[in-house]
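Geometric and topological summary
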Amino acid sequence: MSQTELRYDYDAMTDAEFRKMVRDFIEAECPAEIRHLPRRIRWREVKPWSLKLSKRGWIAPAWPKEYGGMGMSVAKQIAFVEELDRAGVPRAPDMGIVMIGPLLIRFGTEEQRRKYLPRIVSCEDVWCQGYSEPNSGSDLASLRTEAVLDGDHWVVNGQKTWTTLAQDANWIFMLVRTDKGAKKQEGISFLLVDINTPGVTRRPIMTLGGHEEFCETFFDNVRVPKENIVGRVNEGWTMAKALLGFERIFLGSPKLSQVALNRLALLGRATGAFKDDRFRDKFTQLRLDVADLTETYARFADILKRGEQLGPDVSILKIFATATYQKITETMVETAAENGALDEAAPYGNETLDVLAHYWLARPATIYGGSSEVQKNIVAKAVLDLPG
Amino acid sequence: MSHETDDTRRLLRESAADFVARSDIGAAVRAWRHKPEGFDAQRWSEMVQLGWVGLRAPEEAGGTGLGLEDLVALLAETGRGVGPEPLSAVGVLAVRTLAASAGGAQTLGGACEGGRIPAVAWQEKPGALSAGECDTRAARAGDDWILSGAKDFVHGAAQADVFVVSARAPGGVALFELRRNEPGLTVETRFFTDGTTCHRLVLRDVRVPASACIAAPGEGEEALDAALEETRIAVSAEMLGLARQALEMTLDYLRQRKQFGKAIGSFQALQHRAVDLYVTTQIMQSAVDRAARTFEAADARERALIASACKARCSDGALAIAKEAIQLHGAIGYTDEHNIGLYVRRALVLASWLGNGAQHRKRFAALSPALDLV
Ligand SMILES: Cc1cc2nc3c(=O)[nH]c(=O)nc-3n(C[C@H](O)[C@H](O)[C@H](O)COP(=O)(O)OP(=O)(O)OC[C@H]3O[C@@H](n4cnc5c(N)ncnc54)[C@H](O)[C@@H]3O)c2cc1C
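Everything quoted here is computed from the prediction, not taken from an experiment.

1. Quick look at the overall build of chain A
Of the regular secondary structure elements, chain A holds 13 helices and 10 strands. Its C-alpha atoms give chain A a radius of gyration of 22 Å, near enough to 21 Å, the size a compact globule of 388 residues would have. C-alpha atoms of chain A, sized along the principal axes, occupy 75 × 50 × 45 Å. Across the 388 residues in chain A, those meeting the buried criterion constitute 51%. Summed over all atoms, the accessible surface of chain A reaches about 17400 Å², with 52% contributed by carbon and sulfur.

So this is what it looks like as structure tokens:
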């Protein structure tokens, strides 16, 4: 089947045909248990579904066909993601597809592409992102984990943290300091590390949501083959930044808000809150926020569809999307009254709803992927041209 | 305020501050959360010895006989420790309910000296605010009563040996004392997000003697409502304490944490946010002070208004501070290991208990005729 699929020219399909094809596949193949989960899915839960996508050649919609992607226009890629979002299909916790793959395609050597890309597409390798450190969060460029060349190997020492689902990954891509003398952005390189190399240890950390969602990742004299550097030594920062545009539009997707709004509507119906003018007003505000968020997202997506680059103003999308998402989940907690103080699902009509799970999931959205404060700093300087 | 009451409050504050300072907050909370035992019996008996549990019981009932302003002084201090001990649930809600019930003296005395731990089971549905929202039934059977129904969201009952249960009898809502092991009574334990216990009671034809009815049909509702209003103010004081402590922890973090070569607290954007939170705690304090000062002399309707104004302010304030505390801590604030999360969880629980901000604003508006506003 995958062979025939690969010969498809997705761009030749109309938008409606394409969406229907994707929707039908999801309906037929994606199990209900993994859809609309109010938490990050673990690899073992999502693997069977990922393998189905992989077999069909749909695991990496944004990659060119020659590397196992779907080789389609940005417009179709966005439609693809929208269809998955609409059906509540979880994004696999795999930074390989969204980050390291595109990076290797753009900056890697042919040898690196041949080594790593097929294993990502086949779901043999699962990647995690090792950027943040205990003392380098918003100020990422101050990172100190270092790699020193010793013969044919880099010797890595230091610590990464908040590494999402590192416990499920077998590879980590990381930013390391390779020149302590240079200006802070200029001494950083991009390194690929097999997480099972001796000297790497992971300690899962529990979130407020009650899940072990990220890890501290320690590196103690970890020997990494010299050829595992991507691009040139000391040019890792520029490459990492080149990937950020796509991440920002991803993080500005109205999906999370839409899902939460639907849940809030369920709550409003089941508790009779819709009969209360105060609730109706709040709900309507949020509903219109989501409508305008959706339109704003489409406006930025159109820029990508036209093949243009996103400017720094894409930061406003993430700021508004995450603020909206949080407001909705706070209103859920408020509407649920005492049920909003319990970390468990309560019955509402024929359904159940764990409102705190949504509240917890929304909390860090204004922290990861560049905090709202950092995004505002960017907009103030790069868009509004304010001094300082 | 006289020198005497001034001194009483200062001493209460000092001993509460000392109590909180003597233990490691994180360890004290983590040792007991999600445990059916709920809290450290040793610490509870210390609170009893200090006179805190009986603070709002009259002296002749074995209590300390202090006022509401003394109570909030105490709870705003203990609230900083976010400990699991049920000071508000037992020391205020149960104590005030028993004190207002004709037949409550014996259990009240036991609670004040520590031999008994009563818990009040009044609520049935999420969002309920008043004692009158009661579907649990009490029917006469000779001299006995037969109770059936269900109660939920019972706070502070981890070690309760007696439940004060409201039930609707012919003639109105009455209050009954039920032993924990009463035949026909099922007690289910769940946990709130802060790890304290949340009990659900199911009563299937529970048969109790006439002596178990401590507030007669019709009298129970008033007794319970008065206690609920006062407990709203007590819980607000606890939220004031936890909000202040969460703010202080956040300010410390803003001073220590360095990014871009500077303490993040030096960024003006964050300084303004910190000031907003400080303003919030100050306004919360005014709400609590005003409520505590005016409550006791007010009539029932005014008490409801006072309690709603206070609980709305403090619920919203505590949640706002909790949310910002996470944000200003960055990723570490989203971990369960960091103590700031204990404050966020407690804020969620106390904000919802006995009605959250939205519920109380709604009730306040409903109780104030338009003329009152001008
Ligand atoms: C759920 C989650 C998943 C994550 N997954 C990953 C991952 O997989 N891989 C990875 O490498 N990292 C990951 N991170 C880390 C994330 O990138 C960092 O949390 C983020 O960069 C912020 O850094 P910090 O947490 O150290 O906060 P800090 O940078 O210490 O910030 C603390 C507070 O100060 C504010 N602040 C900082 N600088 C300024 C300024 N100049 N002006 C105004 N305010 C400022 C921040 O906005 C924040 O409110 C994850 C984080 C979370 C919460």
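2. Focus on the interface of chain B and chain A
Contacts between the two partners involve 41 residues from chain B, matched on the other side by 41 residues from chain A. When chain B packs against chain A, close to 3400 Å² is buried across both sides, 56% of that on carbon and sulfur atoms. Summed over the shared surface of chain B and chain A, the result is 6 salt bridges. Close ionic contact of arginine 203 of chain A with glutamate 337 of chain B constitutes a salt bridge, the shortest N to O distance being 2.9 Å. Taken together, the elements giving at least two residues each to the side of chain B that touches chain A come down to β6 (185-191), β9 (258-259), α8 (268-294), α9 (300-329), α10 (340-352) and α11 (357-367) of chain B. Top contributing element to the side of chain B that touches chain A by residue count: α10 of chain B, with 6 residues. Its residues placed into classes, the side of chain B that touches chain A shows 17 nonpolar, 14 polar and 10 charged.

3. Re the domain arrangement of chain B
Residues and elements named next belong to chain B. Partitioning chain B into domains gives domain 1 (3-117), domain 2 (120-216) and domain 3 (221-367). On a C-alpha basis, the centroid separation for the pair domain 2 and domain 3 is 30 Å. Tallying the contact residues gives 15 residues for domain 2 and 16 residues for domain 3. For the pair domain 2 and domain 3, the summed buried area comes to about 1400 Å², and 66% of that belongs to carbon and sulfur atoms. Three residues stand out in domain 2 for area buried against domain 3, namely Leu129, His155 and Thr193, and they jointly supply 41% of the buried area on that side.

4. Here's the deal with a nonpolar patch on the surface
Residue and element names in this part refer to chain A. Nonpolar side chains collect at one region of the surface, where Val383, Leu384 and Leu386 lie side by side and expose about 270 Å² of accessible area between them. Within the fold, leucine 386 resides in the segment after α13 (372-383). The partly exposed category is assigned to leucine 386, whose relative accessible area is 47%.

5. Here we look at α13 of chain A
All names here are of chain A. Between its terminal C-alpha atoms α13 stretches 15 Å, which fits the 16 Å expected from 12 residues at 1.5 Å a residue. Those residues of α13 not exposed but buried are Ser372, Glu373, Gln375 and Val379. Considered in projection along α13, the buried side chains sweep an arc of 160° and stay on one side of the axis. Positioned one or two residues after α13, aspartate 385 has a phi angle of 60°, which is positive.

6. Some details on the domain arrangement of chain A
Residue and element names in this part refer to chain A. Taken domain by domain, chain A consists of domain 1 (3-92), domain 2 (127-240) and domain 3 (244-383). Facing the 4 residues of domain 2 at the interface are 4 residues of domain 3. Ranking the residues of domain 2 by area buried against domain 3 places Ser138, Leu208 and Ala240 at the top, with a combined share of 65%. Counting across the interface, domain 2 meets domain 3 through 0 residue pairs in polar contact (both at pLDDT 80 or more). Residues belonging to the side of domain 2 that touches domain 3 are distributed by class as follows: 2 nonpolar, 2 polar and no charged.

7. Examining the site of the ligand
Around the ligand, the structure places 25 residues, and the nearest of them are Ser138, Thr164, Ser371 and Glu373 of chain A together with Arg257 of chain B. Bordering the ligand are residues originating from chains A and B. Within the backbone of serine 132 of chain A, an N or O atom sits 2.7 Å from an oxygen atom of the ligand. One nitrogen or oxygen atom from the side chain of serine 371 of chain A is found 2.6 Å from an oxygen atom belonging to the ligand. Of all elements in the fold, only β3 (153-164) and α13 of chain A together with α9 of chain B reach the threshold of two or more residues within the shell around the ligand. A total of 3 residues in the shell around the ligand trace back to one element, the largest contributor, which is β3 of chain A. Residues that form the shell around the ligand fall into these classes: 12 nonpolar, 11 polar and 2 charged.

8. Considering the packing of helix α4 (residues 74-86) of chain A against helix α10 (residues 277-305) of chain A
To describe two helices that pack against each other, one gives the angle between their axes and the distance between the axes. The N-to-C vectors of α4 of chain A and α10 of chain A enclose an angle of 145°; their axes lie 8 Å apart at closest approach. Residues Val74, Ala75, Ile78 and Glu82 of chain A of α4 of chain A form the contact with α10 of chain A, whose participating residues are Tyr297, Ala301, Leu304 and Lys305 of chain A.

9. Focus on the pattern of salt bridges
Counted under the stated rule, the structure contains 64 salt bridges over all chains. Residue glutamate 248 of chain B pairs with arginine 80 of chain B through a salt bridge whose shortest N-O separation is 3.2 Å. Taken together, the residues span a long stretch of sequence, with glutamate 248 of chain B in helix α7 (residues 219-256) and arginine 80 of chain B in the loop between α4 (68-78) and α5 (87-99) at a distance of 168 residues. Overall, the relative accessible area of 38% leaves glutamate 248 of chain B in the partly exposed class. Linked through salt bridges whose partners overlap, the residues forming this network are Asp15, Arg19, Arg23, Glu82, Glu83 and Arg86 of chain A.

Reading the values: rules and limits
- Residues numbered from 1 in each chain as written.
- Chains lettered and ligands numbered in written order.
- Predicted model: local features only at pLDDT ≥ 70, side-chain atom pairs only at ≥ 80, totals over all residues.
- Heavy atoms only, no water.
- Helix = DSSP H or I, 4+ residues; strand = E, 2+ residues; numbered from the N terminus.
- Rg over C-alpha atoms; globule rule 2.2 N^0.38 Å.
- Buried < 20%, exposed > 50% of the residue type's maximum accessible area, 1.4 Å probe, protein only.
- Areas by Shrake-Rupley, 256 points an atom, 1.4 Å probe, with all protein chains shown as cover.
- Contact = heavy atoms within 4.5 Å.
- Buried area = accessible area lost by both parts, 1.4 Å probe.
- Salt bridge = Lys/Arg side-chain N within 4 Å of Asp/Glu carboxyl O.
- Nonpolar A, V, L, I, M, F, W, Y, C, P; charged D, E, K, R; others polar.
- Domains from an automatic or database assignment.
- Patch = residues over 30% accessible without salt bridge, like charges linked within 9 Å, V, L, I, M, F, W, Y side chains within 5 Å.
- Expected span 1.5 Å × (residues − 1).
- Arc of directions from axis to C-beta.
- Polar contact = N/O pair within 3.5 Å; in protein donor to acceptor, adjacent residues only side chain to side chain.
- Near = heavy atom within 4 Å.
- Axes fitted to C-alpha atoms, helices over the stretch in contact; angles between N-to-C directions.

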